[in-house]
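Residue-level structural notes
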Amino acid sequence: MEIRNYHLATSLEDARSILEADPKNVVFGGGTWLRQGKHVVETMIDLGGLGLDRIEAGNESILIGSMTTLRTIEKNDAIKGLAGGILFEAVSRIMGVNFRNLATIGGSVMGKYAFSDVLTPLLALDATLVFHNRPDVSLKDFLKEKKKANDLLTGIRIPRTEGKGFFKKVSQTAVDFSILNVAIHKADTVRIVIGARPGVCALAEKAMARLDKGKKHERTPVRGPQKSPWANSLGDNHQASKAYRQALGGIRQTRTQGGLFR
Ligand SMILES: Cc1cc2nc3c(=O)[nH]c(=O)nc-3n(C[C@H](O)[C@H](O)[C@H](O)COP(=O)(O)OP(=O)(O)OC[C@H]3O[C@@H](n4cnc5c(N)ncnc54)[C@H](O)[C@@H]3O)c2cc1C
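Residues numbered from 1 in each chain as written. Predicted model: local features only at pLDDT ≥ 70, side-chain atom pairs only at ≥ 80, totals over all residues. Heavy atoms only, no water.

1. Some thoughts on the pairing of strand β8 (residues 153-159)
- Counting buried residues in β8 gives five out of seven residues, a clear majority hidden from the surface.
- Judged from the five bridges that link them, strand β5 (residues 61-65) and β8 form a sheet pairing that is antiparallel. Bridging across to β8, Ser 61 finds its partner in Pro 159.
- One ladder, built from four bridges, connects strand β6 (residues 128-131) with β8; its direction is antiparallel. For Phe 131, the partnering residue across the bridge sits in β8 and is Leu 153. (Buried < 20%, exposed > 50% of the residue type's maximum accessible area, 1.4 Å probe, protein only. Helix = DSSP H or I, 4+ residues; strand = E, 2+ residues; numbered from the N terminus. Pairing = 2+ DSSP bridges.)

2. Some words on the packing of aromatic side chains
- A complete count under the given rule lists five aromatic pairs for this structure.
- On the numbers, 5.4 Å between centres and 45° between planes, the contact of Trp 33 with Phe 115 is tilted. With Trp 33 in the loop between β2 (26-28) and β3 (40-46) and Phe 115 in the loop between α6 (105-110) and α7 (119-124), this pair connects stretches of sequence that are 82 residues apart.
- Judged by relative accessible area, which is 43%, Trp 33 ranks as partly exposed.
- When its relative accessible area of 25% is taken as the criterion, Phe 115 is described as partly exposed.
- An angle of 15° between the planes, with centres 5.3 Å apart, marks the rings of Tyr 113 and Phe 115 as stacked.
- By relative accessible area, Tyr 113 is classed as buried at 17%. (Phe/Tyr/Trp six-rings, centres within 6.5 Å; stacked < 30°, edge-to-face > 60°.)

3. A word on helix α9 (residues 205-213)
- Within the sequence span of α9, burial applies to Ala 207, Met 208 and Leu 211. Each buried residue of α9 lies within a common arc of 100° when the element is viewed along its axis, so the set occupies one face. Turned more than 90 degrees away from the buried face of α9, the exposed residues are Lys 206 and Lys 213.
- Residues of α9 that are buried make contact with β11 (190-195) and β12 (202-203). (Arc of directions from axis to C-beta. Contact = heavy atoms within 4.5 Å.)

Just geometry here; none of it tells us what the structure is for.
What follows is the structure, encoded as structure tokens:
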């Protein structure tokens, strides 16, 4: 990657005007993903001086500034205590500490990475994205948007609901990309999110509806592909085949295999 100019934004409005001035101008988080490419960046816009690297824990919600590093999130007590610590669990398994000291939550969300371990728990927690240059939008709707816009993310708001949570990632090594991941948040209703399908994470809406309709189904195992409401959302990529993902998910079970989503 070639960076021609560097600009430390003096305000969000300053950042917006530079971002919109040239399609080759780019907002940087920690630069961990951007630096992998061979593209030319005309002006790198650094939001580092705007105080967006904080976590504000209120009674109703937790607001994570977009420049907050994964490491700061992992060490935060409010995040650790939120829904069984599912965001903490997910974030603290990404690469090593040095890496997490650089990578930001903003970069993790705006990249919409299909393999993401961050998006999966955030969607289970029903997070809302807060922007400078457009109205707030739910993460669920944001993930469905196709067009790449000049969005300037300032934070992620997570409702502070009571409840239990669960996060599980399956990867070839501890620091590898997820082959499949799942986050579940159970409060008044249940939210189940499957990530690295290999498509970007999505709510398992039929499974959620099934659980919400009759609580008696909660412990009912899924016995075959035809009975799983989300089996068809899994697919192949270089990390794993669809069949392997189905086996991991407990859709194709043998006597000796366990499954993530039985
Ligand atoms: C080797 C490697 C292994 C990885 N393994 C994992 C893994 O196991 N699990 C996982 O979940 N992730 C993994 N990642 C992804 C990693 O978490 C991302 O690199 C990181 O989230 C990007 O964060 P960043 O702050 O460095 O973003 P950057 O690289 O700075 O930016 C990424 C994108 O977000 C945009 N952006 C950043 N901030 C903003 C903002 N405020 N507003 C608008 N747009 C913005 C940038 O313009 C860019 O398009 C891995 C990455 C690498 C390089």
